[in-house]
Amino acid sequence: MNPHAEAPPDPRAAAAIRFFEQLSADDVQWMGRHYTEQAFFKDPFNEVRDLIGVQRIFAHMFEALDAPRFEVLDCLVQNQQCFLTWDFSFRLKGQTQQRHIHGSSHLRFAADGRIAYHRDYWDAAEEFYEKLPLLGSVLRLIKRRLKV
């Protein structure tokens, strides 16, 4: 977690932050320690409703990217709800350029403290598509035309 941010007093949130920030490809098989069997996960590219689906998404992340890493910047917890802001850094396979995505996650904890709901919010156009050579130039042009 961001060294300037206070560690969350909620043990569920602290465990989730540790898990995300230390996540490695080997940890995917143990995700049941952190996610319920019927966990819901959604991001701009995926939506699944079970632990196996969540594991597939994270396994694919490690297959498709080099050195993926989350840094949690902020954490808010209220009852069973948790909201994290984070920076995600990675390199596309075969490339040397470091890339970054800034986003947030809405988590809901089950009674046993594991994650039952995980929804990621980040701007796929700004953070990803606009940085691709051909598609990026088209999206930037559209964005300029729509700007007030």
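Higher on the page you've got the structure.
Residues numbered from 1 in each chain as written. Predicted model: local features only at pLDDT ≥ 70, side-chain atom pairs only at ≥ 80, totals over all residues. Heavy atoms only, no water.

Caption draft 1: Main features of unusual backbone geometry. Phi angles above zero are rare outside glycine, and Ala 67 is one such case at about 50°. With respect to the element layout, Ala 67 can be found in strand β3 (residues 65–78). (Helix = DSSP H or I, 4+ residues; strand = E, 2+ residues; numbered from the N terminus.)

Caption draft 2: Region of the structure containing the sheet that holds β3. Taken in spatial order, the six strands make up an open sheet running β2-β1-β6-β5-β4-β3, and their pairing is mixed. Looking along the sheet, the strands with just one partner apiece sit at the ends: β2 (47–48) and β3. Sheet analysis places strand β1 (residues 35–42) next to β2, joined by two bridges and oriented antiparallel. When the sheet's bridge partners are listed, Phe 41 is paired in β2 with Val 48. In the packing of helix α2 (residues 51–64) onto the sheet, contacts are made with β1, β2, β3 and β4 (81–92), and the angle to β1 comes to roughly 60°. (Pairing = 2+ DSSP bridges. Contact = heavy atoms within 4.5 Å. Axes fitted to C-alpha atoms, helices over the stretch in contact; angles between N-to-C directions.)

Caption draft 3: The packing of aromatic side chains, seen in detail. Inspection of every chain in the model, using the stated rule, returns nine aromatic pairs. Ring plane angle 70° and centroid distance 6.4 Å describe the contact between Phe 19 and Tyr 35, whose orientation is recorded as edge-to-face. Of this pair, Phe 19 sits in helix α1 (residues 11–22) while Tyr 35 sits in strand β1, and the two are 16 residues apart along the sequence. Like Tyr 35, Phe 19 is buried. Ring geometry for Phe 41 and Phe 58: centres 5.9 Å apart, planes at 70°, overall edge-to-face. Remark: Phe 58 occurs in helix α2 and Phe 41 occurs in strand β1; sequence separation between them is 17 residues. Note on Phe 58: relative accessible area 4%, which makes it buried. Residue placement shows Arg 108 over the ring face of Tyr 117; its charged tip is 4.1 Å from the ring centre. (Phe/Tyr/Trp six-rings, centres within 6.5 Å; stacked < 30°, edge-to-face > 60°. Buried < 20%, exposed > 50% of the residue type's maximum accessible area, 1.4 Å probe, protein only. Lys NZ or Arg CZ within 6 Å of the ring centre and 35° of its normal.)

Caption draft 4: Broad picture of the pattern of salt bridges. What the rule picks out here adds up to six salt bridges. A salt bridge links Arg 12 to Asp 10; the shortest N-O distance between them is 2.7 Å. With respect to class, Arg 12 is no different from Asp 10; both count as buried. Residue Arg 49 is joined to Glu 47 by a salt bridge in which the shortest nitrogen-to-oxygen separation is 2.7 Å. The network of salt bridges with common partners includes Glu 37, Asp 112 and Arg 114. (Salt bridge = Lys/Arg side-chain N within 4 Å of Asp/Glu carboxyl O.)

Caption draft 5: Expanded view of the side chain of His 118. Following the sequence through the fold, His 118 ends up in strand β6 (residues 115–121). A polar atom in the side chain of His 118 sits 3.5 Å from the side chain of Ser 105. Separated by 2.7 Å, the side chains of His 118 and Asp 120 make a polar contact. Among residues more than four places away in sequence, those in contact with His 118 are Phe 20, Tyr 35, Phe 40, Phe 41, Lys 42, Ser 105, His 106 and Leu 107. (Polar contact = N/O pair within 3.5 Å; in protein donor to acceptor, adjacent residues only side chain to side chain.)

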